Structure formats: structure tokens, C-alpha cells
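# Structural characterization, general
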Amino acid sequence: MARLGMVIDLQKCVGCGVCALACKAENNTRNRAGGQSFNWADFLMKTEGSFPNAVHVVMPVLCNHCSNAPCVEACPVRPKAIFKTPEGITMYDNERCIGCRFCQKACPYSNMELDEKSLNGETYSVISFNAFDANTQPQWSDTSAMIPGATASGAETAKAAGAATPALNQFAGGDVQPIRRSGIIEKCNFCYQRVSNGMQPVCVEVCPAKARIFGDQDDPNSEIAKVLKAEKSFRLQEEKGTKPNVHYINKYSARA
């Protein structure tokens, strides 16, 4: 059985945000609501110093799909609403979730800052709580046009495009529900609906710099296994013993 994981090459990453935009389109996530970010593919950014010695750092972040996942252990539901698939993906079942948020509280990566010196205090949470149905995107019900008489309204565009379903909704099923109800959690699932059909996670597929590598870490012939063998990698908060399956190599540089 495969042990799926991801490598992010920080030297190749340019912080363009295409991965986050593609993730939102694929997985139908809400825009920021009530102060909470619903980006399954997110970024931590910081700028330190002053010109000409200013330093800007971008750290792409997502669910780490930990082998020892505290969120799974914390879930009180039986069978578990958040669980590990045989391939190592930390998956959640919308139908089982009771919205207790114990998983969110147990996750050491929720509300984690880039480091204690971060100037803007920016944080991210890999597990979001859905206070609204995912198919009630505000833009989709907006009847006002950006340019009256010249452009369509959000509601008209959504109706024409069938925007209530993610790009690969036809692949969703079983443990993957594309339209999520309110009162439950949601998080990155490594695009299980794509991976199960022999495809790459959408963030990997769209990255223009090819900064993301996804695959079976235990297959010596896979690209990810070769990279992890050749490069010195690190994982976020390894000292917590969670054994994350998202690895980072190299160092981000805005001058590269």
C-alpha cells in the first residue's frame, strides 16, 4: 500500500498563490468569513528588516496528513469522523462529523505562526469550521454587475457555469462530499477525489514552478522518494511527534 506524501521546494516556490486559487475552485471552499480563512492551501508570510536589508519569506502550508494525527485521536465519534485512509491521507466524513471541533483544538498546526518573530502575526488553521453551507457562496447570489449593462452578475455567471459543484465533482463520492453542510469541519484531503482516479492533487498540477511533488514515499522509483533521499528536508513541528507527511526542502528567496 502506498504511503502518500508531498514535498514543497521553497526555492522553486515564488508565492504566486495559484495553488490556493486552484484549491478553492476544486474544493468549493468559502472565502474568508467571520475572520476565518477557508483556504485549504494557504500561506504564511513575513517581512523583516528595512530597505535595503529587508527579508520576505513565504511558507506554503496545508494539512500535514500526520502519520500520528492528534486530530484523529481526539475525534469522539465512533466510527471516527476524521480518520486515516490506508494510503495515509487524513480524511474526514461529513456525515459522521458532529461539529465538536475537538480535532481542530488537538491539531498542533492550527493557528501556528511562521515563527515567534513574525511581524504581522499571521496564522493559519489546517482545520476550518464550516459555519455556512459550502454551496452558499455569497458571490453566487450577488445580482449586481461589476459594470452595469456590460458584465454579468455573480448570480448569472454561477448559473451559467454550474458553480455550485467543484471542478471534479464527478469524481467525488464515498468519503468525499463536494458540497459541505454547515456545522462541521473541513480540511485538505490531498484531493482524494483526484488521487483516487490516478491524478495529482490540483495544487501540484497547477504550480507553474513545479515546486510541489506528490506521490508514494515508500516507492524507491517515485520522484518524491528520490527527492527525499537526495535532499535534506524538514517538516513543521517535528518535535511534536506527529510525523507529518508534508516535507520542505531548500529555502525561499525572493531574489532567486
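Everything here concerns the structure above.
Since the structure is predicted, the reported quantities are computational estimates derived from the model, not experimental observations. (Residues numbered from 1 in each chain as written. Predicted model: local features only at pLDDT ≥ 70, side-chain atom pairs only at ≥ 80, totals over all residues. Heavy atoms only, no water.)

## Focus: the environment of Tyr92
Looking at the element boundaries, Tyr92 is found in strand E5 (residues 90–92). C-alpha separation for the pair Tyr92 and Cys188, spaced 96 residues apart in sequence, amounts to 9.5 Å. (Helix = DSSP H or I, 4+ residues; strand = E, 2+ residues; numbered from the N terminus.)

## Side note on helix H1 (residues 18–27)
With seven of its 10 residues buried, H1 lies for the most part within the structure. Tucked inside the fold, the buried residues of H1 contact strand E2 (42–48), helix H5 (192–195), helix H6 (202–206) and strand E10 (212–216). Asn28 sits one or two residues past H1 and shows a positive phi near 60°. (Buried < 20%, exposed > 50% of the residue type's maximum accessible area, 1.4 Å probe, protein only. Contact = heavy atoms within 4.5 Å.)

## Focus on the packing of aromatic side chains
Applying the stated criterion to the full structure yields two aromatic pairs. Both rings, one in Phe190 and one in Phe214, keep their centres 5.0 Å apart while their planes meet at 75°; by these two values the pair is edge-to-face. Of this pair, Phe190 sits in the loop between strand E9 (184–187) and H5 while Phe214 sits in strand E10, and the two are 24 residues apart along the sequence. Looking at Phe190, the relative accessible area reads 2%, which means it is buried. We classify Phe214 as buried; its relative accessible area is 10%. Judged by centre distance (5.4 Å) and plane angle (20°), the rings of Phe234 and Tyr248 are stacked. (Phe/Tyr/Trp six-rings, centres within 6.5 Å; stacked < 30°, edge-to-face > 60°.)

## Here we look at the pattern of salt bridges
Counted by the stated rule, this structure contains six salt bridges. With a closest N to O distance of 3.7 Å, Lys46 and Glu48 form a salt bridge. Each member of the salt-bridge network shares a partner with another, and the members are Glu26, Arg194 and Glu205. (Salt bridge = Lys/Arg side-chain N within 4 Å of Asp/Glu carboxyl O.)

## Here's the deal with the sheet that holds strand E11 (residues 233–234)
The sheet built from four strands is open, its strands ordered E10-E1-E12-E11 with mixed pairing. Edge positions in the sheet fall to E10 and E11, since each has one partner strand and no second. When E11 meets strand E12 (residues 246–249), the two strands line up antiparallel, connected through two bridges. Directly across from Phe234, in E12, lies its bridge partner Tyr248. (Pairing = 2+ DSSP bridges.)

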